[in-house]
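The chain contents come next:
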Amino acid sequence: MTQCDPQLPLFLGLMSGTSADGIDAALVQFPEHGGCRFVQGQTYAWDAPTRQALIALGQGREPESLDALGQLDARVGIAFAHAANQLLDEAGVPRTQVQAIGSHGQTIRHRPSAEPAFTWQIGDANRIAELTGITTVADFRRRDVAAGGHGAPLMPAFHLAMLGSADEDRAVLNLGGIANLSLIGRDGSLRGFDTGPANALLDGWCQRHLGHAFDADGAFAASGQVNEALLARLLAEPWFALPPPKSTGREQFHLEWVEAQLGTDMIAPADVQATLLELTAATVANALLLHLPEVRRVLACGGGVRNRQLLQRLQSRLPGALIDSSAVHGLDPDYMEAMGFAWLAHETLAGRPGNLPSVSGARGLRILGAIHLA
């Protein structure tokens, strides 16, 4: 635990992403001179039935009933509240010292190209406020979508505030269930977008064939060989050619999509894993070389930072860039998004916009999130 400043309020961020492997909880402070002081963080695993239900909904499957969906919304909210309370108990921090919780919720549908467009995150924030006694800000994405944006990615604004540099162009790469980039110019310009699948496919394939929740250090992928024909079919997916702004999730990239590209080909599971890893490396590198070709520093965060094989493949495709962990610049890569949603809550309570039209495509700046007072 990092010593916190008693003169500064605390904020708590809660995040569960595309992989739905757990709730990341991060306790932070935001000094007046800028930056983010990480106090303590922890990840709390979902129980197996809830995780299975969340993954199924995220992949586009219909809920069993409206009653079942309503109960899941409540259960997810209760789980988020328990994660917040447990982190505060572990840190020895009284609830009264936390100004607000910023909760992302769990995405079950993301349809920015539908008519009308919509995005949907569950995890009843009323439950969080009630069970923690802390003001909770949630439902950050829908205002941006209502303003014509994608509602995603939302982290580039946080990345700009925390990692921008007047000395060099930088890319911040989040390797979560989906990979996304924040392209930060030395002039303060910013673009951001999803590049395609990352851990969601790698974890899913590893779970299916090894029974492991994730491919530790990329060892499963490293044991196989890239199948170039399969890689070409995967890269031919039209979504990859779409220009930014763009965002995606499990509804687009899931194991059924992989199986459709496999067809009747008999490819060893390890070779498929190697090819899926190469797909992530290729789509990230292709996007960087197209949109910020002179970049010399890539700051990586998210669970994929711990996949050594993936980072090696990325480095081989980006020989002119230095790939660092965001930890080198003081931001824990495991809790970057949770810290980001704590920051979004901070900005919302301050009456400042949290979106960036250059990233999401929205018609303008908007204050994001609904405030649930304690």
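Our subject is the structure that appears above.
Below is a short write-up of the structure.

### Observations regarding the pairing of strand 6 (residues 118-122)
No. 1: Pairing of strand 5 (residues 106-111) with strand 6 involves 5 bridges; the strand directions are antiparallel. Among the inter-strand pairings, Arg111 is bridged to a residue of strand 6, identified as Phe118.
No. 2: Once strand 5 ends, the chain turns through 6 residues before running back antiparallel as strand 6.

### Structural notes on the pattern of salt bridges
No. 1: Summed over the entire model, instances satisfying the criterion amount to 17 salt bridges.
No. 2: Across the pair Arg297 and Asp324 runs a salt bridge, and its minimum N-O distance is 3.3 Å. Pair noted here: Arg297 is in strand 11 (residues 297-301) and Asp324 is in strand 12 (residues 322-325), with a separation of 27 residues, a long-range link.
No. 3: One network of salt bridges, with partners in common, ties together Glu168, Arg170, Arg297 and Asp324.

### Focus on empty space enclosed by the protein
No. 1: Under the definition given, this model contains 1 cavity of 30 Å³ or more.
No. 2: Estimated volume of the largest cavity: approximately 50 Å³.
No. 3: Looking at the largest cavity, the residues that line it are Pro153, Leu154, Pro156, Ala157, Gly354, Asn355, Leu356, Val359 and Ser360.
No. 4: Mapped by element, the contributors of at least two residues to the lining of the largest cavity are helix 5 (155-163) and helix 13 (357-360).

### Notes on the sheet that holds strand 1 (residues 10-15)
No. 1: Pairing within the open sheet is mixed, and its 6 strands lie in the order 3-2-1-4-7-13. For this open sheet the edge positions go to strand 3 (37-44) and strand 13 (370-372), each flanked by a neighbour on one side alone. Direction aside, neighbouring strands of the sheet carry axes that sit 20° apart on average.
No. 2: In the sheet, strand 4 (residues 98-103) pairs with strand 7 (residues 136-138) via 3 bridges, with the strands oriented parallel. Residue pairing in the sheet places Ser103 in a bridge with Ala138 of strand 7.
No. 3: Across the face of the sheet, helix 2 (residues 66-91) comes into contact with strand 1, strand 2 (23-29), strand 3 and strand 4 while running at roughly 130° to strand 3.

### Concerning the side chain of Gln59
No. 1: Residue placement: Gln59 occurs in the loop between helix 1 (48-58) and helix 2.
No. 2: Here Gln59 falls in the buried class, since its relative accessible area comes to 17%.
No. 3: Setting aside chain neighbours within four positions, we find Gln59 in contact with Arg250, Glu251, His254 and Glu256.

### A look at helix 12 (residues 336-349)
No. 1: For helix 12, built from 14 residues, the straight-helix expectation of 20 Å at 1.5 Å per residue is met to within 8% by its first-to-last C-alpha distance of 20 Å.
No. 2: Of all 14 residues in helix 12, 11 are buried; the element is thus mostly enclosed.
No. 3: Inspection of helix 12 places Met336, Ala338, Met339, Gly340, Phe341, Ala342, Trp343, Leu344, Ala345, Glu347 and Thr348 among the buried residues, and these make up the whole buried set.
No. 4: One or two steps after helix 12, the chain reaches Gly351, where phi turns positive at roughly 75°.

### As for the packing of helix 8 (residues 228-235) against helix 10 (residues 269-291)
A pair of packed helices is captured by two measures, namely the crossing angle of their axes and the spacing between those axes.
No. 1: Running from N to C, helix 8 and helix 10 cross one another at 45°; their axes reach a closest spacing of 10 Å. By the angle between their axes, helix 8 is oblique relative to helix 10. Handedness of the crossing formed by helix 8 with helix 10: right-handed. On the side of helix 8, the interface is formed by Leu230, Leu231, Leu234 and Leu235, while helix 10 contributes Val272, Thr275, Leu276, Glu278, Leu279, Ala282 and Thr283.
No. 2: In terms of residue class, the contact of helix 8 with helix 10 is made up of 8 nonpolar, 2 polar and 1 charged.

### Things to note about a nonpolar patch on the surface
No. 1: A cluster of nonpolar side chains, namely Leu349, Ile371 and Leu373, defines an oily patch on the protein surface of about 290 Å² accessible area.
No. 2: Structurally, Leu373 is set in the segment after strand 13.
No. 3: Leu373 gets classed as exposed once you look at its relative accessible area, which sits at 68%.

### A few points about the sheet that holds strand 11
No. 1: Strand order in the open sheet formed by 5 strands is 10-9-8-11-12, with mixed pairing between adjacent strands. With one partner strand each, in any of the chains shown, strand 10 (190-197) and strand 12 form the two edges of the open sheet. Strand after strand, the sheet turns through a mean of 25° between neighbouring axes, direction not considered.
No. 2: Strand direction decides the pairing type here: strand 8 (residues 170-175) and strand 11, joined by 4 bridges, are parallel.

Cut-offs applied
- Residues numbered from 1 in each chain as written.
- Predicted model: local features only at pLDDT ≥ 70, side-chain atom pairs only at ≥ 80, totals over all residues.
- Heavy atoms only, no water.
- Pairing = 2+ DSSP bridges.
- Helix = DSSP H or I, 4+ residues; strand = E, 2+ residues; numbered from the N terminus.
- Salt bridge = Lys/Arg side-chain N within 4 Å of Asp/Glu carboxyl O.
- 1 Å grid on protein atoms, 1.4 Å probe; cavity = no way out; pocket = protein on both sides within 12 Å on 5 of 7 lines; lining within 4 Å.
- Points joined across faces, edges and corners; volume = space filled by probe spheres on them.
- Axes fitted to C-alpha atoms, helices over the stretch in contact; angles between N-to-C directions.
- Contact = heavy atoms within 4.5 Å.
- Buried < 20%, exposed > 50% of the residue type's maximum accessible area, 1.4 Å probe, protein only.
- Expected span 1.5 Å × (residues − 1).
- Parallel < 35°, antiparallel > 145°, perpendicular 65-115°, else oblique.
- Left-handed = near helix turned anticlockwise from the far one by under 90°.
- Nonpolar A, V, L, I, M, F, W, Y, C, P; charged D, E, K, R; others polar.
- Patch = residues over 30% accessible without salt bridge, like charges linked within 9 Å, V, L, I, M, F, W, Y side chains within 5 Å.
- Areas by Shrake-Rupley, 256 points an atom, 1.4 Å probe, with all protein chains shown as cover.

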